[in-house]
Structure formats: C-alpha cells, structure tokens
Amino acid sequence: MIYSERSIEQLKARLPLNLIKKVAEANALSPAFLTAIVVGESSGDQFAVRFEPHYKWLYKVKEHAAENRITEDTEKVMQMTSWGLCQVMGAVARELGVKGPIFAMLEPSVNLKIAALLIVRLRNKYKSDEDLFAAYNAGSVVKKSNGEYSNQMYVNKAVSFMRMSEAFFQEKNHGNSS
C-alpha cells in the first residue's frame, strides 16, 4: 500500500500514539503491531461501534445483565458488538475482565488494555505477526486450501500498516499525548 505524506500525517494526528506505546510496552508488544490493529480495525476512531449479528460466542450474559441492571437481551447485543479503537467484541471484553457498563470500551486506555490482553493470549498460540493479525480479526487462523488466510486482505493491510507505523515510534515526539 502506498500512502501520501499528507494521509500519514492525518492518520498520526488521530492516533493516541503515546498511549499505544505505553500499553504495548507494558504488555511486551510492538507499538507498531498495536497501531496496525487500531488502524485496521477503526482507522483511529475511538467511538467506532459495530453490531456483529452472526457473532455467537457470549460470556456470562445473565450474570453481567444482573450486575448492570439491564436486560439479558441488551447485554447480549452489547456482547455481539465490537467496540472502540481495536474493535474488541463485547463478549471478549467481558471475558477479559471488563465489568460495569461496556461503554467503557470506548475509552482508549481501556480498549487498548483489553486488546493487548487479547493479543498476548493469542500470541501464546500463534507466533508469526501474520497469524496474530489473522486470529485477532477472525478469532482464529483459518487458511484456504491454497495456503492463504481466509482474511488475507485484512492480514495484508495490517502488515502494511505495521510497517508504516514503525516510523511513528522512531521519532522523538509521538504526537497525540493521550
């Protein structure tokens, strides 16, 4: 992928690079890898939300609904929604420890922390960056008979974003101070 200098600067301005670097380093992850997830999943939009009607893996719906005084149907819909910068599924956020209103996933520090926990968990199973990107996006690595990932376009974009964003962290000033 080829990016213009202007589009790269616009992207950098949208990203909380200092926070991404802090969370990545706290979890022994590459800041460029985590940035690639953010760019690939939400283009840096902390308020990105998307209902995934075919998502079927839910986590303690009844318990979380009762704790938050909401209906089980509402909790189910929230768990079937991807949230924030890293588009973490609500059910995954619950499984990884998010309590209270799931809207907390729209807070960049919470979202990045939960995404990092997920990546660390996936890294225990998948070793290459390409496998990690594929698993992050699809839940697991699925390859076609020709050896390509089922989500090959996503993997290609993520690898490209990672390479591009490596330069973001070689500069002294990491832009956005979030």
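Conventions we followed
- Residues numbered from 1 in each chain as written.
- Predicted model: local features only at pLDDT ≥ 70, side-chain atom pairs only at ≥ 80, totals over all residues.
- Heavy atoms only, no water.
- Core = buried A, V, L, I, M, F, W, Y, C linked by side-chain atoms within 4.5 Å.
- Buried < 20%, exposed > 50% of the residue type's maximum accessible area, 1.4 Å probe, protein only.
- Helix = DSSP H or I, 4+ residues; strand = E, 2+ residues; numbered from the N terminus.
- Contact = heavy atoms within 4.5 Å.
- Phe/Tyr/Trp six-rings, centres within 6.5 Å; stacked < 30°, edge-to-face > 60°.
- Lys NZ or Arg CZ within 6 Å of the ring centre and 35° of its normal.
- Pairing = 2+ DSSP bridges.
- Axes fitted to C-alpha atoms, helices over the stretch in contact; angles between N-to-C directions.
- Left-handed = near helix turned anticlockwise from the far one by under 90°.
- Nonpolar A, V, L, I, M, F, W, Y, C, P; charged D, E, K, R; others polar.
- 1 Å grid on protein atoms, 1.4 Å probe; cavity = no way out; pocket = protein on both sides within 12 Å on 5 of 7 lines; lining within 4 Å.
- Points joined across faces, edges and corners; volume = space filled by probe spheres on them.

Caption draft 1: Summary view of the nonpolar core. Core analysis: the largest hydrophobic core is formed by 52 residues, its most contacted members being Cys 86, Val 88, Leu 112, Phe 133 and Tyr 136. Secondary-structure elements contributing two or more residues to this core are helix 2 (17-26), helix 3 (31-42), strand 3 (88-89), helix 6 (90-95), helix 7 (108-123), helix 8 (129-138) and helix 9 (152-166). Among residues more than four places away in sequence, those in contact with Phe 133 are Phe 33, Ala 36, Ile 37, Asn 151, Tyr 154, Val 155, Ala 158, Val 159 and Met 162.

Caption draft 2: Quick peek at the packing of aromatic side chains. All chains considered together, the criterion is met by 3 aromatic pairs. Judged by centre distance (5.6 Å) and plane angle (75°), the ring pair of Tyr 55 and Trp 57 falls under edge-to-face. Look at Tyr 55 and you get buried, because its relative accessible area is 19%. On the basis of relative accessible area, Trp 57 is assigned to the exposed category, the value being 55%. Ring centres of Trp 83 and Phe 103 lie 5.6 Å apart, and the angle between their planes is 80°; this geometry places the pair in the edge-to-face category. With Trp 83 in strand 2 (residues 81-83) and Phe 103 in the loop between helix 6 and helix 7, this residue pair connects regions lying 20 residues apart in the sequence. Judged by its relative accessible area of 5%, Trp 83 is buried. Cation over ring: Lys 143 sits above Tyr 149, and NZ or CZ is 4.8 Å from the ring centre.

Caption draft 3: Just the sheet that holds strand 2, in detail. An order of 1-2-3 is seen for the 3 strands of this open sheet, with the pairing classed as antiparallel. The open sheet has two edge strands with one neighbour each: strand 1 (49-51) and strand 3. Of the strand pairs in this sheet, strand 2 and strand 3 are connected by 2 bridges, and their pairing is antiparallel. From the neighbouring strand, Ser 82 faces strand 3, where its bridge partner is Met 89. Across the sheet, helix 5 (residues 72-79) touches strand 1, strand 2 and strand 3, and the angle it forms with strand 2 is around 55°.

Caption draft 4: Local environment of unusual backbone geometry. Although it is not a glycine, Ala 28 sits at a positive phi angle of roughly 55°. Within the secondary structure, Ala 28 is located in the loop between helix 2 and helix 3. Classification of Ala 28 as exposed rests on a relative accessible area of 56%. In the Ramachandran plot, Arg 69 falls in the positive-phi region, its phi being about 50° despite a non-glycine side chain. Mapped onto the elements of the fold, Arg 69 is located in the loop between helix 4 (61-67) and helix 5. With relative accessibility at 79%, the residue Arg 69 sits in the exposed group.

Caption draft 5: Seen up close, the packing of helix 2 against helix 7. Between helix 2 and helix 7, whose axes approach to 10 Å, the crossing angle comes to 35°. Crossing of helix 2 against helix 7: the hand is right-handed. Two secondary-structure elements touch here, helix 2 through Leu 19, Ile 20 and Val 23 and helix 7 through Pro 108, Ser 109, Leu 112, Lys 113 and Ala 116. In the contact of helix 2 with helix 7, the residues fall into 6 nonpolar, 1 polar and 1 charged.

Caption draft 6: The layout of surface pockets, seen in detail. Approximately 710 Å³ is the volume attributed to the largest pocket. Residue lining of the largest pocket: 30 residues in total, with Tyr 55, Met 89, Tyr 136, Asn 137 and Gly 139 positioned closest to the centre. Per element, the largest residue contribution to the lining of the largest pocket is 4 residues, and it comes from helix 8. The class makeup of the residues in the lining of the largest pocket is 17 nonpolar, 7 polar and 6 charged.

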